[in-house]
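Fold and contact review
The chain contents come next:
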Amino acid sequence: MSTTGDRIPTYSVCIATYRRPEMLRDLLQSLLNQVLDEAVGYEIVVVDNDAQLSGEAVVRRFAEAHPGIVRYFAQPLKNIAITRNLAVAVAEARGSFLFFIDDDEVASPRWMQTLIECQRAYDADAVFGRIIPRFHDACPDWVRSIFLFNRHCAPTGTPSRRTCSANCLVRADLLAALDGPFDERYGLTGGEDTQMFARLAARGARFVDCYEAEVTEFQPPERTTWEWLRNRAVR
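Keep in mind that this is a model prediction, so the values were computed, not measured.

**Considering the overall build of the chain**
In terms of regular secondary structure, the chain is built from 8 helices and 8 strands. A compact globule built from 235 residues would reach a C-alpha radius of gyration of about 18 Å, and the chain, at 17 Å, matches this within 12%. Based on the C-alpha atoms only, the size of the chain along its principal axes is roughly 50 × 40 × 35 Å. Counting the 235 residues in the chain, one finds 53% classified as buried. Pairs at least 24 residues apart make up 80% of the contacts formed inside the chain by residues separated by at least 6 positions. When the accessible surface of the chain is totalled, it reaches about 11000 Å², and 53% of it is carbon and sulfur. In the chain, 27 side chains carry a positive charge and 32 a negative one; their mean positions are 3 Å apart.

Take a look at the structure:
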C-alpha cells in the first residue's frame, strides 16, 4: 500500500458525499487499504454536500491518521454537479488522473491498480469498472434482477457502452477542457456524469471497460420500491 504523505500524488480519488457517514467510512477504509505499486502516489478528496456537514467527523478522523492523503471540503448547496465540480477543481491541482467512486460503494483491494494498468495498456482517456450490487436482506428477487442494478461491463479493453462516475478513471486534462465539467443543470435530477462523458466522447475521447476493477454498491430498502425504480428509470 502506498500512502506516504510526502509524495506529490499523480492520482486523485474524487468523492461527493451526502448524509452517508457510515458508508463513507467503509469506502475510505477500502481506499486506504488499496494494494498499489510503490511508484503510485494518490490522494483522496471528499466534498460534503450536506449543509449539516454530516461527513466531516468521519473524514477528519481519516485525515488525522493519514495526513496529506485525505482532504475534506464542504459544498452546502444541494447540487451534485456543483459538488463534483469542486472535487475536480481541488483534485486537478495535484492529480494527472482522477478516480471517481460513490459514497455508497466499497472498492475491491486492487481497484485502483487495476484501473491504472488498464488505462496504460489501452492508452484510454477513461476506464470504467464493474459495479456489483449488494442488496438489503428483504429485497425481492425481481428487484435484484433488473437492469438498473446490473449495469453492463464488457470484457476488459472493450469500448465502453455505458459511462458513469460510480467507478472510473479519467484523464484530468480532459475535464479541465470542459466547462464545469459537470453541468449544474443536472444537479438535482442526476445524469450529470453521463452528459459529461457524452461531451468528452463527442470530442473524440476513447473509453474502455475494465471488468476486473470491481466495486460493490449497497442498495438500501428505499431504493428497491416500485416508485423509486420508476422515477430512476424516467431520469
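Still to come is the rest of the account.
**A look at the state of the cysteines**
For the coordinates displayed, the defined rule picks out 0 disulfides. A disulfide-free cysteine, C164 has its sulfur positioned 7.0 Å from the sulfur of C168, the nearest such atom. On the basis of relative accessible area, C168 is assigned to the buried category, the value being 0%.

**Structural notes on the packing of aromatic side chains**
Counting across every chain of the model gives 7 aromatic pairs. Here the aromatic rings of Y11 and F97 are separated by 5.6 Å at their centres, their planes lie at 25°, and the arrangement is stacked. Taken as a pair, Y11 in strand β1 (residues 11-17) and F97 in strand β4 (residues 97-101) lie far apart in primary sequence, 86 residues in all. Residue class for Y11 comes out buried when judged on its relative accessible area of 6%. Owing to a relative accessible area of 13%, F97 belongs among the buried residues under this scheme. Over the ring of F182 we find R84, and its NZ or CZ is 5.8 Å from the ring centre. Over the face of the ring belonging to Y211 we find R130, whose NZ or CZ atom lies 4.0 Å from the ring centre.

**As for the confidence of the model for the chain**
For the chain, per-residue confidence averages 90 on the pLDDT scale, and 94% of positions sit at 70 or higher. Within the chain, the element-level pLDDT minimum falls on helix α8 (residues 226-234), averaging 73, and the maximum on strand β5 (residues 105-107), averaging 98. Within the model, pLDDT remains below 50 along residues 1-7, and this stretch shows 20 contacts once partners closer than five positions in the same chain are excluded.

**So, the pattern of salt bridges**
For the coordinates displayed, the defined rule picks out 14 salt bridges. Note that R84 is salt-bridged to D102, the shortest N-O span being 3.8 Å. One end of the pair, R84, is in helix α3 (residues 80-92); the other, D102, is in the loop between β4 and β5, with 18 residues separating them in the sequence. In this structure, R84 and D102 share a single accessibility class: buried.

**Examining the packing of helix α1 (residues 21-32) against helix α2 (residues 56-65)**
Where α1 contacts α2, the axes come no closer than 9 Å and their chain directions differ by 20°. Viewed along their axes, α1 and α2 adopt a mutual orientation that is roughly parallel. Here the hand of the crossing between α1 and α2 comes out right-handed. Here P21, L24, R25, L28, Q29 and L32 of α1 lie close against α2, whose contacting residues are V58, V59 and F62. When its residues are assigned to classes, the contact of α1 with α2 shows 7 nonpolar, 1 polar and 1 charged.

**Quick look at α1**
In a regular helix each residue adds 1.5 Å, so 12 residues correspond to 16 Å; α1 covers 16 Å between its end C-alpha atoms and thus fits that length. Three or more residues of α1 are buried, namely P21, L24, L27, L28, S30, L31 and L32.

**Brief notes about the sheet that holds strand β6 (residues 126-135)**
Pairing is mixed across the open sheet formed by 8 strands, whose spatial order is β3-β2-β1-β4-β7-β6-β8-β5. Only two strands of the sheet have a single neighbouring strand rather than two, namely β3 (70-74) and β5. Neighbour to neighbour, the strand axes of the sheet diverge by 25° on average, direction disregarded. Sheet analysis places β4 next to strand β7 (residues 167-171), joined by 5 bridges and oriented antiparallel. Each bridged residue has a counterpart across the sheet, and for F99 the counterpart in β7 is L169.

Rules behind the numbers
- Residues numbered from 1 in each chain as written.
- Predicted model: local features only at pLDDT ≥ 70, side-chain atom pairs only at ≥ 80, totals over all residues.
- Heavy atoms only, no water.
- Helix = DSSP H or I, 4+ residues; strand = E, 2+ residues; numbered from the N terminus.
- Rg over C-alpha atoms; globule rule 2.2 N^0.38 Å.
- Buried < 20%, exposed > 50% of the residue type's maximum accessible area, 1.4 Å probe, protein only.
- Contact = heavy atoms within 4.5 Å.
- Areas by Shrake-Rupley, 256 points an atom, 1.4 Å probe, with all protein chains shown as cover.
- Lys, Arg positive; Asp, Glu negative; His and termini not counted.
- Charge placed at Lys NZ, Arg CZ, Asp CG, Glu CD.
- Disulfide = S-S within 2.5 Å.
- Phe/Tyr/Trp six-rings, centres within 6.5 Å; stacked < 30°, edge-to-face > 60°.
- Lys NZ or Arg CZ within 6 Å of the ring centre and 35° of its normal.
- pLDDT = per-residue confidence, 0-100.
- Salt bridge = Lys/Arg side-chain N within 4 Å of Asp/Glu carboxyl O.
- Axes fitted to C-alpha atoms, helices over the stretch in contact; angles between N-to-C directions.
- Parallel < 35°, antiparallel > 145°, perpendicular 65-115°, else oblique.
- Left-handed = near helix turned anticlockwise from the far one by under 90°.
- Nonpolar A, V, L, I, M, F, W, Y, C, P; charged D, E, K, R; others polar.
- Expected span 1.5 Å × (residues − 1).
- Pairing = 2+ DSSP bridges.

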